[in-house]
Amino acid sequence: MKSWLNGEKKENRRLILEWFKKMNARLHASGSYVLLIKLSDPTEIQVGALGKLELQRGWLFYVGSAFGAGGIAGRLKHHLQPSRRPRWHIDYVRLHAPLMGVWFANGQRNLEHQWAATLRGHAALSEPMQGFGASDCRCHTHLFFASLKCHSEDIVNVLQSRRTSCAVDFLSPDQLHL
């Protein structure tokens, strides 16, 4: 991080470092998140016992939550590194596609299921596999697909709907210094 900060003015460096400290503190707290995953090519993935997932080129949105030790940062560390021995459904997908960013909100209230229901109603999104990421709840799925990239602001607006009313931020992988 220091190398690209060297060219910044002192005041800008201070503001950037303050922003990173603030985000770092928020990432280490509990909360809910949506992963943005890019599919460069059509692919077929065996998702454990759940079955085969056939995907076209496009974008995946995976809804999750992190209320254990390490908070959102702990969970994102897992998601940033494709797992050789998949534990969760999303681990199978991550073996084939890169993580491009994450939307997240802090709080003790689990927004995972509300966000899944909200995204399910979004016109630009489809549901590629029933039960994906939802084996421990009543949600239809926690995985959504878009053939075209959605603007980050659109997703933030959907997640911040009146049903959830929370502050949502987006970070790209290069901003995730975990």
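The following refers to the structure shown. Remember, it's a predicted structure, so these values are computed and weren't measured experimentally.

1. Things to note about the sheet that holds strand 4 (residues 58–66)
Item 1. Pairing in this open sheet of five strands is antiparallel, and the strands run 6-4-1-5-7 from one edge to the other. The sheet terminates laterally at strand 6 (143–146) and strand 7 (169–171), the two strands that pair on one side only. The sheet shows a mean angle of 20° between the axes of neighbouring strands, taken without regard to direction.
Item 2. Inspection of the sheet shows strand 5 (residues 99–106) paired to strand 7 by three bridges, in the antiparallel sense. Within strand 7, the position partnered with phenylalanine 104 by the bridge is aspartate 169.
Item 3. Packed onto the sheet, helix 5 (residues 112–120) meets strand 1 (31–39), strand 4, strand 5 and strand 6 and runs at close to 155° relative to strand 4.

2. Observations concerning the packing of aromatic side chains
Item 1. The tally for this structure, following the rule as stated, stands at three aromatic pairs.
Item 2. Each ring, one from phenylalanine 61 and one from tryptophan 103, has its centre 5.9 Å from the other, and the planes form 25°; the classification is stacked. Of this pair, phenylalanine 61 sits in strand 4 while tryptophan 103 sits in strand 5; the two residues are 42 residues apart in sequence, bridging distant segments of the chain. Taken individually, phenylalanine 61 and tryptophan 103 each receive the classification buried, so the pair is uniform in this respect.
Item 3. Centre to centre, the rings of tyrosine 62 and phenylalanine 132 are 6.0 Å apart; their planes meet at 80°, and the pair counts as edge-to-face.

3. Describing the nonpolar core
Item 1. In terms of nonpolar packing, the biggest core is built from 27 residues, with Leu35, Ile37, Leu53, Leu60, Ile90, Val93 and Phe132 touching the most fellow members.
Item 2. Per element, the largest residue contribution to this core is four residues, and it comes from strand 1.
Item 3. Residues in contact with isoleucine 90, not counting those within four places in the same chain, are Leu35, Ile37, Tyr62, His79, Phe132 and Leu143.
Item 4. Val34, Leu36, Phe61 and Ile155 belong to the second largest nonpolar core, which has 23 residues in total.

4. Side note on the pattern of salt bridges
Item 1. Under the definition given, this model contains three salt bridges.
Item 2. In this structure, the salt-bridge partner of glutamate 127 is arginine 120, at a minimum N-O distance of 2.7 Å.
Item 3. Using a relative accessible area of 45% as the deciding quantity, one classes arginine 120 as partly exposed.

Cut-offs applied
- Counting of residues starts from 1 at the beginning of each chain's written sequence and follows it residue by residue.
- Since the coordinates come from a predicted model, pLDDT governs what is reported: local features require at least 70, and pairs of side-chain atoms require 80 or more to be given and counted, while whole-chain, interface and lining totals use all residues.
- With hydrogens and water excluded, all non-hydrogen atoms of the structure serve as input to the side-chain values.
- When DSSP finds two or more bridges between two strands, those strands count as paired.
- Only runs of H or I of at least four residues qualify as helices and only runs of E of at least two qualify as strands under DSSP, and these elements are numbered from the N terminus.
- As a rule, the C-alpha atoms of each element are fitted with a line to give its axis, helices using only the stretch in contact, and angles between N-to-C directions run from 0 to 180 degrees.
- Contacts between residues were defined by any pair of non-hydrogen atoms, one from each residue, lying within 4.5 Å.
- In summary, the pairing rule links any two rings of Phe, Tyr or Trp, Trp by its six-membered ring, whose centres are within 6.5 Å, and it sorts them by plane angle into stacked for under 30 degrees, edge-to-face for over 60 and tilted for everything else.
- Remark: exposure states derive from per-residue accessible area (1.4 Å probe, protein chains only) relative to the maximum for the residue type, with buried under 20%, exposed over 50%, and partly exposed in between.
- Here, nonpolar core refers to any group of buried Ala, Val, Leu, Ile, Met, Phe, Trp, Tyr and Cys residues whose side-chain atoms link them within 4.5 Å.
- Salt bridges, as used here, are contacts in which a Lys or Arg side-chain nitrogen is within 4 Å of a carboxyl oxygen on Asp or Glu.

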